[in-house]
Amino acid sequence: MGINILEFINNVSVKTYLTGEEVFKEKDPSNGMMYFVFTGALEIRKSYDGEERVIRNLEPGSFFGEIALINNVPRAATARVITEKAKIGILDQEMFYRIGQTNPKFFSILLNTTIQRLVSIEDEIAKLSSGQTAYPTRS
């Protein structure tokens, strides 16, 4: 991704998740939070035609859940821990806007990354629609 979003995050709450735990599930209502990976790794999984597929892996420095925070819409995918444990920073909407006001570059980076992800997802959907396997399914 080329950015370290963590440089903008100083005082967020942190929770440790264990292997297989889900931070949230696809279609869960928004809880007004977005997340940052401090340690460990997660996979983002999405259902396509009744089959769940890995659409992205996240490592330290990555963020996720921003769309539900901004638009208050249900979660578009499931976020699941794939390492022994992962420390996840949790950012609520109030802190999100506070960081954006003091560090306008934060919103710029967030927007740029989110647009890149949306374009990538559209490409993967096109591959799936044409019958190509975009990502292998993990059990």
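Keep in mind it's a predicted model, so treat the numbers as computed, not measured.

*Asks:* Report on the pairing of strand E4 (residues 42–48), specifying residues and quantitative values.
*Replies:* Counted residue by residue, E4 has 5 buried out of 7 residues, so it is predominantly covered. Across 7 bridges, E4 lies against strand E5 (residues 51–58) in antiparallel orientation. In the sheet register, Lys46 faces E5, and the bridge partner there is Arg53. The turn joining E4 and E5, which pair antiparallel and follow one another in sequence, is formed by 2 residues; a positive phi near 50 degrees is taken by Asp49. Note: E4 against strand E7 (residues 78–81), 4 bridges, orientation antiparallel. By the bridge assignment, Ile44 is partnered in E7 with Ala79.

*Asks:* Outline unusual backbone geometry, listing residues and values.
*Replies:* Unlike most non-glycine residues, Lys27 shows phi in positive territory, near 75 degrees. Structurally, the position occupied by Lys27 is in the loop between strand E2 (22–24) and strand E3 (33–39). Positive phi, close to 50 degrees, is recorded for Asp49, a residue that is not glycine. You can see Asp49 is positioned in the loop between E4 and E5.

*Asks:* Can you tell me about the sheet that holds strand E8 (residues 85–92), naming the residues and giving the values?
*Replies:* Taken together, 4 strands build an open sheet; the order of strands is E1-E8-E3-E6 and the sheet is antiparallel. Of all strands in the sheet, those bounded by a partner on one side alone are strand E1 (13–18) and strand E6 (63–64). Its contacts with the sheet put helix H2 (residues 93–102) on E3 and E8, and the angle it makes with E8 is roughly 75 degrees.

*Asks:* Give me the lowdown on the pattern of salt bridges, citing residues and values where you can.
*Replies:* The full count for this structure, using the stated rule, is 7 salt bridges. Between Glu52 and Arg45 there is a salt bridge, with the nearest N and O atoms lying 2.7 Å from each other. Residue Glu52 is classed as partly exposed on the basis of its relative accessible area, which comes to 26%. A relative accessible area of 3% places Arg45 in the buried class. A salt bridge links Glu51 to Arg53; its shortest N-O distance comes to 3.8 Å. When its relative accessible area of 15% is taken as the criterion, Arg53 is described as buried.

Reading the values: the criteria
- Residues numbered from 1 in each chain as written.
- Predicted model: local features only at pLDDT ≥ 70, side-chain atom pairs only at ≥ 80, totals over all residues.
- Heavy atoms only, no water.
- Buried < 20%, exposed > 50% of the residue type's maximum accessible area, 1.4 Å probe, protein only.
- Helix = DSSP H or I, 4+ residues; strand = E, 2+ residues; numbered from the N terminus.
- Pairing = 2+ DSSP bridges.
- Contact = heavy atoms within 4.5 Å.
- Axes fitted to C-alpha atoms, helices over the stretch in contact; angles between N-to-C directions.
- Salt bridge = Lys/Arg side-chain N within 4 Å of Asp/Glu carboxyl O.

Everything listed is a geometric property; what it means functionally is a separate question.
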